[in-house]
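# Breakdown of the fold
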Amino acid sequence: PPDFTICGAFRTEAWTAGGSSAELFQLNGKDGKQWGYVNMYAASTYTKYNVLLGHVWLSVTTASVWFPLTWTRVCVSLDTVSGRLVLVTDGQVREEEVHQEALEEDGNRPLDLNITVGYSVDAWGYAQEDEGQYSHINIFSSPLSTARMVAMTTEECGAQGDFLSWEEAQWQI
């Protein structure tokens with residue numbers, strides 16, 4: 001859908017091999033070309049979230065420290081009519097702003113987006129498996145309200161998406 005919300009949860013038992021980041025979601029066309037992603041980087045004194053949706057880019061650094069064996073819940077919403085991009089993690093609104101880029105025509109947006117979890121492919125075609133577990137990934141065919149996204153990353157985690165439902169989807173592993 002042109003406007004959407006993606007929510008999901010991620011955790012890892014431990015970072016190994018010097019890694020401390022994961023691609024929470026990656027959106028690709030059927031040709032495999034990346035159109036968007038949500039990435040989390042865990043440092044010793046902060047956590048950083050990077051979001052790319054077409055030509056809309058966002059990077060948010062939080063003072064909270066993320067620990068292994070802890071689920072983090074993330075929702076990101078794009079509204080191309082208003083240009084509004086919202087990022088909510090673990091019940092905290094991290095970004096809620098209008099981005100002019102979201103209002104512009106995106107000629108690179110595939111008509112058929114595929115979601116990838118568990119690994120990412122960079123711009124040079126190299127795949128990297130992320131160390132972690134993913135759960136309750138749901139896509140909604142409209143931008144959810146900020147209040148609903150806060151609830152989705154706290155007590156309502158796992159509410160089924162109307163476009164893609166974690167419970168009803170068939171996942172290719």
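All values derive from a computational prediction rather than experimental measurement. (Residues numbered from 1 in each chain as written. Predicted model: local features only at pLDDT ≥ 70, side-chain atom pairs only at ≥ 80, totals over all residues. Heavy atoms only, no water.)

### Points about the pattern of salt bridges
Taken as a whole, this structure holds one salt bridge when the rule is applied. Across the salt bridge formed by R84 and E96, the nearest N and O atoms sit 3.1 Å from each other. One end of the pair, R84, is in strand β7 (residues 84-89); the other, E96, is in strand β8 (residues 92-98), with 12 residues separating them in the sequence. (Salt bridge = Lys/Arg side-chain N within 4 Å of Asp/Glu carboxyl O. Helix = DSSP H or I, 4+ residues; strand = E, 2+ residues; numbered from the N terminus.)

### Observations regarding the state of the cysteines
One pass over the full model with this rule turns up one disulfide. The partner cysteine of C7 in its disulfide is C75, sulfur to sulfur 2.0 Å. Its S-S torsion of about 115 degrees marks the bond between C7 and C75 as right-handed, since a negative value means left-handed. Placement of C7 in strand β1 (residues 4-11) and of C75 in strand β6 (residues 72-79) is noted, with a sequence separation of 68 residues between them. According to the relative accessible area criterion, C7 is buried, its value standing at 3%. Accessibility expressed as a relative area gives 0% for C75, which makes it buried. (Disulfide = S-S within 2.5 Å. Buried < 20%, exposed > 50% of the residue type's maximum accessible area, 1.4 Å probe, protein only.)

### Brief notes about the sheet that holds strand β3 (residues 34-42)
One open sheet accounts for five strands, arranged β5-β4-β3-β2-β9; its pairing is antiparallel. The open sheet is flanked by β5 (56-62) and β9 (114-116), the only strands paired with a single partner. Sheet twist, expressed as the mean angle between neighbouring strand axes with direction ignored, is 10 degrees. Examined bridge by bridge, strand β2 (residues 21-28) and β9 share three bridges and lie antiparallel to one another. Counted as the bridge partner of L27 is I115 from β9. (Pairing = 2+ DSSP bridges. Axes fitted to C-alpha atoms, helices over the stretch in contact; angles between N-to-C directions.)

### Thoughts on the packing of aromatic side chains
Inspection of the entire model under this criterion finds five aromatic pairs. With centroids separated by 6.0 Å and ring planes inclined at 25 degrees, the aromatic side chains of F10 and W66 adopt a geometry described as stacked. Taken together, the positions of F10 in strand β1 and W66 in the loop between β5 and β6 put the pair 56 residues apart, joining distant regions of the chain. Classification of F10 by relative accessible area gives buried; the value is 1%. (Phe/Tyr/Trp six-rings, centres within 6.5 Å; stacked < 30°, edge-to-face > 60°.)

### Here's the deal with unusual backbone geometry
The phi angle at L69 is positive, at roughly 65 degrees, despite the residue not being glycine. Among the secondary structure elements, L69 is positioned in the loop between β5 and β6. One non-glycine residue, H136, lies in positive phi territory at about 50 degrees. Tracing the backbone through its elements, the reader meets H136 in strand β12 (residues 133-140). Of the residues examined, H136 reaches a relative accessible area of 26% and is grouped as partly exposed.

### Digging into the sheet that holds β7
Ordered in space as β8-β7-β6-β1-β12, the five strands form an open sheet in which the pairing is antiparallel. Looking at which strands have only one partner, the edges of the open sheet turn out to be β8 and β12. Going across the sheet, the axis of each strand differs from the next one's by a mean of 10 degrees, ignoring polarity. One ladder, built from six bridges, connects β7 with β8; its direction is antiparallel. Bridge pairing links T89 to Q92 in β8.

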